[in-house]
Structures are given as C-alpha cells and as structure tokens.
Amino acid sequence: MIRIAIDAMGGDKAPEAVISGAVDALGSLEQDDELILVGPRGLIESKLPKGISHQAKLTIEDAPDVIGMDEPPIDSLRKKPRSSIGILAKLGKLGRADAVISAGNTGACVAAFQMRMRNVEGVNRPGIAVVFPTFEGPVTICDVGANIACKPINLYQYAVMSTIYARQLFGIQNPRVGLMSIGEEDAKGNENVKKARELIKKDPKINFIGNIEGRDIFKGVCDVAICEGFVGNVVLKLTEGLVDGLFKTIKKEIMSTRMHFVLGPMFGGVIRNIYKKHDYNEYGGALLLGVNGTAIISHGASESRTIRNAILISKKYHHEGINAKIADYLAASKIRDESNGDEPQGAALGHRDEQVD
C-alpha cells in the first residue's frame with residue numbers, strides 16, 4: 001500500500017492536467033493504494049469526471065491557497081500557510097502521504113519539503129536528481145535547481161546521494177562520479193569546486209573520476225554528474241531545448257525532400273522512439289534526494305501523462321528506500337562540514353507546523 005499526494009494546483013497546465021493525470025493513473029494502482037489531490041476542494045470536485053470523486057482510491061485534501069510560479073518561495077509559504085504546496089508537505093511530514101508530487105514553484109517545493117518533512121539525518125541540503133538518457137546508458141545529474149549557492153559539503157553529499165540513487169535505480173554497482181567544471185584539470189574551477197573535489201577524493205567508497213566538462217555527460221565518461229543547482233538547471237533546460245530543436249530540424253529536412261512519402265514512414269517510428277527516450281514527460285519528475293519521505297518535483301509544463309508517470313514512478317522510489325540508505329551511509333562517513341553550519345532552507349518561515357485539518 002502507498003498513499004501518494006499530488007499538488008493539484010502545481011504547473012502551468014493545472015489543475016486540469018494534474019487531475020486528468022491522477023485519474024488516468026488510478027487504473028494502474030493496487031487495490032489499497034490511495035491518491036490524494038491537494039488544492040481547493042470545490043475547484044477539484046468541479047474538474048473531476050462524474051463518479052470518480054466517490055472512488056475509495058482518490059480523496060481530496062482542501063488547500064484554498066495557491067503559490068504562483070513567479071512568487072518568492074519563502075515569503076509565499078509564510079503568507080499562504082494553507083497553500084497546496086504547504087499542505088502537501090505537511091501530509092508528508094505527518095505520515096499521511098508516503099510520496100508527494102508537485103509541478104509547482106520549485107523553490108517553494110524545496111523549501112516546504114525541507115522545512116516540513118526535514119532532511120535525512122546527516123544531509124545539509126537536499127538536491128534534485130534527474131536522469132539523462134544517453135547512448136552509453138543513464139546519467140544521473142544532481143543538483144538541477146534545489147540549491148544554487150552550494151558549499152563544498154553539499155557537492156560531496158550530492159555525490160554520495162547520487163551514487164546510491166544510481167546503484168538502486170539502475171543497478172550500477174560502482175557508479176563513476178564526475179564533478180562538473182570548466183576543464184578536466186584539477187586546477188580548473190572555482191573555489192567551491194576545488195574544495196568539493198578534495199572532499200569527494202577523501203571518500204574511498206565513491207568511484208570519483210575527477211572533473212568533467214558538460215560534453216562528457218553524453219560521451220559515457222560518467223554515470224553521475226555533480227554540480228550546483230544553477231549550473232545543473234542551465235544544463236537541463238539547454239538540453240531540453242536542444243533535443244526539441246534537433247528533432248524539429250530532422251522532421252523538417254525529411255519532409256522537405258522529394259522522397260518524404262518514403263522516408264517519413266521509413267524513419268518515423270525510429271525517430272518517435274528516440275524522441276520518447278528524451279521526453280521529460282515520460283519520466284514523470286525528479287526525485288528530491290535528502291529529505292525524509294519520497295518527494296518528486298515535476299516539470300512546470302507537465303502534461304496529464306507527465307503526472308500519471310510521476311505517480312507510477314513514485315511507487316518505485318518509495319519501495320527502493322533510497323533515503324534510508326543515504327542516512328546509513330552518512331552516519332558512517334567521517335567527512336563533515338567544516339564551515340559554521342548550513343541552516344536548512346526555509347528555516348526562516350517562522351510559523352509552527354500545525355496539524356492539517
């Protein structure tokens with residue numbers, strides 16, 4: 001049994017796409033699984049197909065407020081304690097949801113999940129892990145947006161968490177870990193990268209291969225790529241745009257030839273299969289590594305099938321117990337933060353964790 005809570009108001013196409021994706025996922029769930037749609041009750045009920053609201057598998061948690069994609073995360077959570085993101089995080093904190101999913105404001109999601117659900121013991125800052133499909137196999141990149149002001153200890157912990165993630169999800173027993181920089185040489189990179197490299201090198205359990213460059217992600221050089229959230233998000237969005245533009249160009253070139261009526265049917269299926277492997281909608285969302293519980297952050301442009309896939313993959317993430325393994329690893333690690341501390345993001349929200357009504 002698993003209880004999955006979904007932010008019905010998260011994303012550019014909410015609530016329609018989110019509700020539709022949740023309804024589509026119902027048929028793929030086990031009999032005792034439960035979906036919880038979080039958002040304004042009246043609005044959600046008005047968007048649900050007739051009869052669906054009476055199914056035992058689907059319930060609604062009222063959250064009258066909504067945090068917009070362009071609103072400042074911390075201030076919004078403070079001013080809107082009954083927002084769908086805030087209530088979603090509380091359901092995870094109180095154990096009423098085993099997994100939480102949102103395609104809403106990423107900053108607000110990270111802050112709420114970290115503040116409410118708390119970090120795994122030993123984790124300073126959580127990181128968002130995405131998987132890039134490459135010709136040589138899957139490559140896990142962390143962080144892609146949770147922490148844009150990394151300290152060396154954060155990058156080291158991303159290496160630990162992503163190693164465990166790649167091992168559990170893809171069966172890579174000894175993942176090769178690369179640290180993204182502006183050159184392969186040890187002297188390249190800013191001070192954070194240089195200090196992080198020394199920390200990672202100290203851990204004999206990490207298969208660290210040193211610095212990597214952006215192009216190495218798709219060349220089979222590593223299984224895990226570590227970077228701060230600012231860099232990771234730029235890489236992610238650049239890749240999305242490149243993939244979309246590349247396939248549009250291929251389609252245009254095929255259709256502009258005199259033989260398009262032959263080439264189209266001949267290569268159409270192959271191109272669609274390749275595109276599907278690189279389509280973020282097929283993957284559902286990215287796991288937020290380092291928080292207690294299973295938290296998935298989906299793309300802001302998520303469609304119905306994106307949400308459906310996020311719901312289905314959340315079951316796998318939950319049953320793998322990745323966060324418990326992260327806690328065990330860090331408890332045994334002798335590498336610690338030598339700075340003056342790292343206050344959890346969202347700690348300044350300043351209001352108590354009241355019970356969900």
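Everything that follows concerns the structure shown earlier in this document.
Structure report, in brief. Remember, it's a predicted structure, so these values are computed and weren't measured experimentally. (Residues numbered from 1 in each chain as written. Predicted model: local features only at pLDDT ≥ 70, side-chain atom pairs only at ≥ 80, totals over all residues. Heavy atoms only, no water.)

Some details on the overall build of the protein chain
Then, number 1: When its secondary structure is counted, the protein chain shows 11 helices and 11 strands.
Then, number 2: Computed over the C-alpha atoms, the radius of gyration of the protein chain is 21 Å, within 12% of the 21 Å expected from 2.2 N^0.38 for a compact globule of 357 residues.
Then, number 3: Principal-axis analysis of the C-alpha atoms places the extent of the protein chain at approximately 65 × 60 × 35 Å.
Then, number 4: A buried classification covers 50% of the 357 residues belonging to the protein chain.
Then, number 5: Considering only contacts within the protein chain whose residues lie at least 6 apart along the sequence, 73% involve residues at least 24 apart.
Then, number 6: On the protein chain, roughly 16400 Å² of surface is accessible, and the fraction owed to carbon and sulfur atoms is 54%.
Then, number 7: Averaging the locations of the 44 positively and 44 negatively charged side chains of the protein chain gives two centres separated by 2 Å. (Helix = DSSP H or I, 4+ residues; strand = E, 2+ residues; numbered from the N terminus. Rg over C-alpha atoms; globule rule 2.2 N^0.38 Å. Buried < 20%, exposed > 50% of the residue type's maximum accessible area, 1.4 Å probe, protein only. Contact = heavy atoms within 4.5 Å. Areas by Shrake-Rupley, 256 points an atom, 1.4 Å probe, with all protein chains shown as cover. Lys, Arg positive; Asp, Glu negative; His and termini not counted. Charge placed at Lys NZ, Arg CZ, Asp CG, Glu CD.)

Re the pairing of strand S1 (residues 3-7)
Then, number 1: Within S1, four of the five residues are buried, which leaves it mostly tucked inside the rest of the structure.
Then, number 2: Bridge analysis of S1 against strand S2 (residues 34-39) gives five bridges, and the strand direction is parallel. For alanine 5, the partnering residue across the bridge sits in S2 and is isoleucine 36.
Then, number 3: The parallel pair S1 and S2, bridged by helix H1 (residues 16-26), forms a crossover whose chirality is right-handed.
Then, number 4: Here three bridges tie S1 to strand S4 (residues 99-102), and the two strands are oriented parallel to one another. (Pairing = 2+ DSSP bridges. Right-handed = clockwise from strand over helix to strand, strands pointing away.)

Describing the pattern of salt bridges
Then, number 1: Applying the stated criterion to the full structure yields 17 salt bridges.
Then, number 2: Salt-bridge contacts for arginine 3 lead to aspartate 98; the nearest nitrogen and oxygen are separated by 3.3 Å. Taken together, the residues arginine 3 in strand S1 and aspartate 98 in the loop between helix H4 (84-93) and S4 connect sequence positions 95 residues apart. (Salt bridge = Lys/Arg side-chain N within 4 Å of Asp/Glu carboxyl O.)

Regarding unusual backbone geometry
Then, number 1: The residue after alanine 14, namely proline 15, is reached through a cis peptide bond having omega 0 degrees.
Then, number 2: Considering the arrangement of structural elements, one finds proline 15 in the loop between S1 and H1.
Then, number 3: Here the bond from cysteine 142 into aspartate 143 is cis, since omega is 15 degrees, no more than 30 degrees from zero.
Then, number 4: Mapped onto the secondary structure, aspartate 143 falls in the loop between strand S6 (137-142) and helix H6 (152-170).
Then, number 5: Positive phi, close to 70 degrees, is recorded for arginine 118, a residue that is not glycine.
Then, number 6: With respect to the helices and strands, the residue arginine 118 is situated in the loop between helix H5 (106-117) and strand S5 (127-134).

Comments concerning the pairing of strand S8 (residues 207-212)
Then, number 1: With five bridges joining them, strand S7 (residues 176-180) and S8 adopt parallel strand pairing. Bridge pairing in S8 links valine 177 to phenylalanine 208.
Then, number 2: With respect to chirality, the unit in which S7 leads through helix H7 (residues 191-202) into the neighbouring parallel S8 is right-handed.

Observations regarding the state of the cysteines
Then, number 1: One pass over the structure, following the stated rule, counts zero disulfides.
Then, number 2: Residue cysteine 227 stays outside any disulfide, its sulfur separated by 7.7 Å from that of cysteine 142, the closest cysteine. (Disulfide = S-S within 2.5 Å.)

Structural notes on the sheet that holds strand S3 (residues 58-62)
Then, number 1: The 11 strands are arranged S3-S2-S1-S4-S11-S10-S5-S6-S9-S7-S8 in an open sheet whose pairing can be described as mixed. Each of the sheet's edge strands pairs with one partner strand only, and the pair in question is S3 and S8. On average, each strand axis in the sheet is inclined to that of its neighbour by 25 degrees, with strand direction left out of account.
Then, number 2: Against the sheet, H7 touches S7 and S8, its axis set at about 165 degrees to S8. (Axes fitted to C-alpha atoms, helices over the stretch in contact; angles between N-to-C directions.)

Observations regarding a nonpolar patch on the surface
Then, number 1: Taken together, Met259, Phe261, Val262, Met266 and Phe267 make up a surface patch of nonpolar side chains, about 480 Å² in accessible area.
Then, number 2: Among the secondary structure elements, phenylalanine 267 is positioned in helix H9 (residues 260-277). (Patch = residues over 30% accessible without salt bridge, like charges linked within 9 Å, V, L, I, M, F, W, Y side chains within 5 Å.)

Observations concerning the packing of H1 against helix H10 (residues 304-320)
Then, number 1: Here H1 crosses H10 at 50 degrees, and the two axes come no closer than 7 Å. Viewed along their axes, H1 and H10 adopt a mutual orientation that is oblique. By crossing handedness, the relation of H1 to H10 is classed as right-handed. Here Ala17, Val18, Ser20, Gly21, Ala22, Asp24 and Ala25 of H1 come into contact with H10, specifically with Ser304, Ile307, Arg308 and Ile311.
Then, number 2: Across the contact of H1 with H10, the residue classes break down as six nonpolar, three polar and two charged. (Parallel < 35°, antiparallel > 145°, perpendicular 65-115°, else oblique. Left-handed = near helix turned anticlockwise from the far one by under 90°. Nonpolar A, V, L, I, M, F, W, Y, C, P; charged D, E, K, R; others polar.)

Observations regarding helix H8 (residues 229-255)
Helical periodicity: at 3.6 residues per turn, an α-helix aligns residues three or four positions apart in one direction.
Then, number 1: The terminal C-alpha atoms of H8 lie 39 Å apart, and with 27 residues this matches the ideal 39 Å at 1.5 Å per residue to within 8%.
Then, number 2: What H8 keeps buried is the set Gly229, Gly232, Val235, Leu236, Thr239, Val243, Phe247 and Ile254.
Then, number 3: Packing partners of the buried residues in H8 comprise S5, S7 and H9. (Expected span 1.5 Å × (residues − 1).)

Quick look at the packing of H4 against H5
Then, number 1: Two elements in contact, H4 and H5, have axes whose closest approach is 9 Å; the angle formed by their N-to-C orientations is 30 degrees. Here H4 is positioned roughly parallel relative to H5, judged by the angle of their axes. The interaxial crossing formed by H4 with H5 has right-handed handedness. Across the interface between the two elements, Ile85, Leu88, Ala89, Lys90, Gly92 and Lys93 of H4 pack against Ala108, Cys109, Ala112, Phe113, Arg116 and Met117 of H5.
Then, number 2: When its residues are assigned to classes, the contact of H4 with H5 shows eight nonpolar, one polar and three charged.

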